Amino acid sequence: MENTYNRHTYIDKWRFILMILGAISFMGFPSQYNLFIKVFLSFAAPTFYILSGYLVMRKSEHRSERILRAIKKTAIVFAILSVSYFALNFVMNFGGTLKTVTTGRFWIDFLVLNIFALPIGGHLWYVQALLYGYIILYFIDKLKLLKLDLLIIGLCFITAFLTGDLSGVIGFNFMGHEYLMGNFITRAIPYILIGKRIHDAKYHNKKASAKNIAVYMTGGILLLVVEAATLVSMGQFVYYGHLVGHIFMAVSAAAFICGNSNCKFRSAGMKEFSVYGTNWIYYIAQPIFTILNTWMVGEMPDAVFLSGFLAVASIVFSIGIVLLVQKVVKL
């Protein structure tokens, strides 16, 4: 019998680190290198998806039931977040929110493209894409089509490139969108399936080569820089949320995590976080940051460092909230 508990605990510790990186990527970093940092750290979300696929999509006779459980849990989180984010937006700006949500464009973007076009909750796309991805993969599994996973991954990445980093080059336009942000096709499905393939390769029974991981990670960073520089020189760098280099970086990070389950990784306090606790830090931090940033920064010029301080404070405050809630629940 595989030691699922130990593997989950180990991966959860790395999820905590990835959550911090993802939050910084989403909220920004107070320096002149803010854009570069945001571009660089955009590999965090795909890595989360890979780890989810690694745990949920692993091959076994109970895979369909496992996917179904993941769908139910993700749907509950999505429902809670949706209601909460809608409510917060109405509280912060009732008139503006009402005007936005009463348009057909908003609901098409939200329900089809995973775009939540309101100030609070922009990262809801991550949970929504995960939910849609699991649902689609559940039926693909039922139809015995997971053997086509490489084809599916390839088609999804082609879609991601054409609607994302290459959108400016090909003149992409869909319902007024010059590019499409992350959604279930361009992020969740391909990376979840990559997680499945990492587990199929039995990385949990191997010790990942640090040298190989470093080479692939470095290659990903170089690809990131080259593609970004090329698109900037062409005047077509319209979307930086997902570039070719991010694929290599995310796969390298996930392979390292999954292939080093016996590594002695200690960090005070991390053992208190479950996978859901770590995720909730991310879900809570962005609304706190948006509200604080609106109230304290507003239209202030040159307030990048104050905004950065508020981002850090939001993460720390969110960690405290999650720890407190988990302690109460345990009682």
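What counts, and where the lines are drawn
- Residues numbered from 1 in each chain as written.
- Predicted model: local features only at pLDDT ≥ 70, side-chain atom pairs only at ≥ 80, totals over all residues.
- Heavy atoms only, no water.
- Helix = DSSP H or I, 4+ residues; strand = E, 2+ residues; numbered from the N terminus.
- Buried < 20%, exposed > 50% of the residue type's maximum accessible area, 1.4 Å probe, protein only.
- Contact = heavy atoms within 4.5 Å.
- Areas by Shrake-Rupley, 256 points an atom, 1.4 Å probe, with all protein chains shown as cover.
- Core = buried A, V, L, I, M, F, W, Y, C linked by side-chain atoms within 4.5 Å.
- Phe/Tyr/Trp six-rings, centres within 6.5 Å; stacked < 30°, edge-to-face > 60°.
- Axes fitted to C-alpha atoms, helices over the stretch in contact; angles between N-to-C directions.
- Parallel < 35°, antiparallel > 145°, perpendicular 65-115°, else oblique.
- Left-handed = near helix turned anticlockwise from the far one by under 90°.
- Expected span 1.5 Å × (residues − 1).

Residues and numbers for the overall build of the chain, please.
Broken down by element type, the chain carries 14 helices and zero strands. Put simply, the chain runs from its N terminus to its C terminus through helices and strands in the order α-α-α-α-α-α-α-α-α-α-α-α-α-α. Each of the 331 residues in the chain was classed as buried or not, and the buried ones make up 50%. In the chain, 78% of the contacts between residues at least 6 apart in sequence involve partners at least 24 apart. On the chain, roughly 16600 Å² of surface is accessible, and the fraction owed to carbon and sulfur atoms is 69%.

Hey, could you go over the nonpolar core for me, with residue numbers and the actual values?
It is characteristic of soluble globular proteins that their nonpolar side chains tend to be buried jointly. Residues Tyr49, Phe116, Tyr134, Leu137, Tyr191, Ile192 and Tyr283 are the most contacted members of the largest nonpolar core, which totals 81 residues. At 11 residues, helix α7 (residues 124-142) tops the list of elements feeding residues into this core. Contacts of phenylalanine 116, omitting those with residues within four sequence positions, involve Tyr85, Phe86, Asn89, Phe106, Phe110, Gly121, Gly122 and Leu124.

Break down the packing of aromatic side chains for me, with residues and values.
Throughout the structure, instances matching the rule amount to 26 aromatic pairs. Consider the rings of phenylalanine 106 and tryptophan 107, whose centres lie 5.1 Å apart with planes at 90°: the pair is edge-to-face. Judged by relative accessible area, which is 35%, tryptophan 107 ranks as partly exposed. Between the aromatic rings of phenylalanine 157 and tyrosine 191, the centroid separation amounts to 5.2 Å while the plane-to-plane angle is 70°, which identifies the pairing as edge-to-face.

Could you give an account of the packing of helix α10 (residues 184-200) against helix α12 (residues 244-258), with specific residues and numbers?
With their axes 11 Å apart at the nearest point, α10 and α12 run at an angle of 40° to one another. On the basis of their axis angle, the class for α10 and α12 is oblique. α10 and α12 meet at a crossing whose hand is right-handed. Contacts between α10 and α12 involve Tyr191, Ile194 and Ile198 from the former and His246, Ile247, Ala250, Val251, Ala254, Ala255 and Cys258 from the latter.

Tell me about unusual backbone geometry, and please be specific about residues and values.
One non-glycine residue, asparagine 114, lies in positive phi territory at about 60°. Within the element layout of this structure, asparagine 114 appears in the loop between α6 (104-113) and α7. The backbone of lysine 144 shows a phi angle near 60°, a positive value even though the residue is not glycine. Considering the arrangement of structural elements, one finds lysine 144 in the loop between α7 and α8 (149-163).

I'd like to hear about α8, residue by residue, with values.
Owing to its 3.6 residues per turn, the α-helix aligns residues three or four sequence positions apart on the same side. With 15 residues, α8 should reach 21 Å at 1.5 Å per residue; the first-to-last C-alpha distance of 21 Å fits that figure. Taken residue by residue, α8 has Asp149, Ile152, Ile153, Cys156, Phe157, Ala160, Phe161 and Thr163 as its buried positions.

Lay out the environment of isoleucine 189 with the relevant residues and their values.
Here isoleucine 189 is to be found in helix α10. Taking relative accessible area as the criterion, isoleucine 189 reaches 5% and is therefore assigned buried. Counting along the chain gives 58 residues from isoleucine 189 to leucine 131, while the straight-line C-alpha distance between them is 10.0 Å. If we skip the residues at most four places from it in the chain, isoleucine 189 touches Gly133, Ile136, Leu137, Ile152, Cys156 and Phe184.

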